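Residue-level structural notes
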Amino acid sequence: MIRAAAGLASGALFGGGILVSGMINPERVLGFLDVTGRWDPTLAFVMAGAVLISALGYLLSKRMPQPFLDSRFHFPDRKSIDPPLVVGAVIFGIGWGLVGLCPGPALAGLGSLNISVFIFVGAMLAGMVGWRVFDRS
């Protein structure tokens, strides 16, 4: 139960952060990607803050024998860059650049009741199901 509460609190903190920063607004993200027009640097500040907090958390985890709510840390064990990673990154980037949404802000944006966000989330879920069906690894 405590792990579920911690997950809920973490999700609420993330959702609140992207809501306050305006990152659920696709126009804000597209403004960041428009480097030849009216460039909006807000996303760069949000990413810098996220990287800083993540780096501090990673450094702290290296000094801990184990996490508070699990028996071990779950760091990625793969270090290679393979074709599925590259193809997935390209697809993610194209989708992000076309509509200005990625999974976290899209889920938070469902509360806006914007039909475009619902279409995006539906397509995202279809892609997740497709990966489960067709993944051969």
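Quick summary incoming for the structure in this document. All values reported here derive from a predicted model rather than from experimental measurement.

What counts as what
Residues numbered from 1 in each chain as written. Predicted model: local features only at pLDDT ≥ 70, side-chain atom pairs only at ≥ 80, totals over all residues. Heavy atoms only, no water. Helix = DSSP H or I, 4+ residues; strand = E, 2+ residues; numbered from the N terminus. Buried < 20%, exposed > 50% of the residue type's maximum accessible area, 1.4 Å probe, protein only. Contact = heavy atoms within 4.5 Å. Areas by Shrake-Rupley, 256 points an atom, 1.4 Å probe, with all protein chains shown as cover. Polar contact = N/O pair within 3.5 Å; in protein donor to acceptor, adjacent residues only side chain to side chain. Core = buried A, V, L, I, M, F, W, Y, C linked by side-chain atoms within 4.5 Å.

1. Some details on the overall build of the protein chain
Scanning the protein chain from N- to C-terminus turns up six helices and zero strands. Helices and strands in the protein chain line up, N terminus first, as α-α-α-α-α-α. Across its three principal axes, the protein chain shows a C-alpha extent of roughly 50 × 40 × 30 Å. Looking at the protein chain as a whole, 18% of its 137 residues are labelled buried. Relative to all contacts within the protein chain whose residues are 6 or more apart in sequence, the contacts with residues 24 or more apart total 37%. Split by element, the accessible area of the protein chain, about 10,400 Å² in all, is 72% carbon and sulfur.

2. Focus: the side chain of Ser-61
Tracing the backbone shows Ser-61 in helix H3 (residues 42-62). Within polar-contact distance, the side chain of Ser-61 engages the backbone oxygen of Tyr-58 at 2.6 Å. In contact with Ser-61, other than residues within four places in its own chain, are Phe-73 and Phe-75.

3. Description of unusual backbone geometry
Residues other than glycine seldom take positive phi values, yet Leu-113 does so here, at roughly 60 degrees. Tracing the backbone through its elements, the reader meets Leu-113 in the loop between helix H5 (103-109) and helix H6 (115-134). Looking at Leu-113, the relative accessible area reads 67%, which means it is exposed.

4. Overview of the nonpolar core
In this structure, Ile-18, Met-23, Val-29, Phe-32, Leu-43, Trp-96 and Cys-102 together form the largest nonpolar core, which totals seven residues. Here Val-29 is in contact with Met-23, Leu-43, Trp-96 and Gly-100, once residues within four sequence places are set aside. One finds Ala-106, Val-117, Phe-120 and Val-121 within the second-largest nonpolar core, a separate group that totals six residues.

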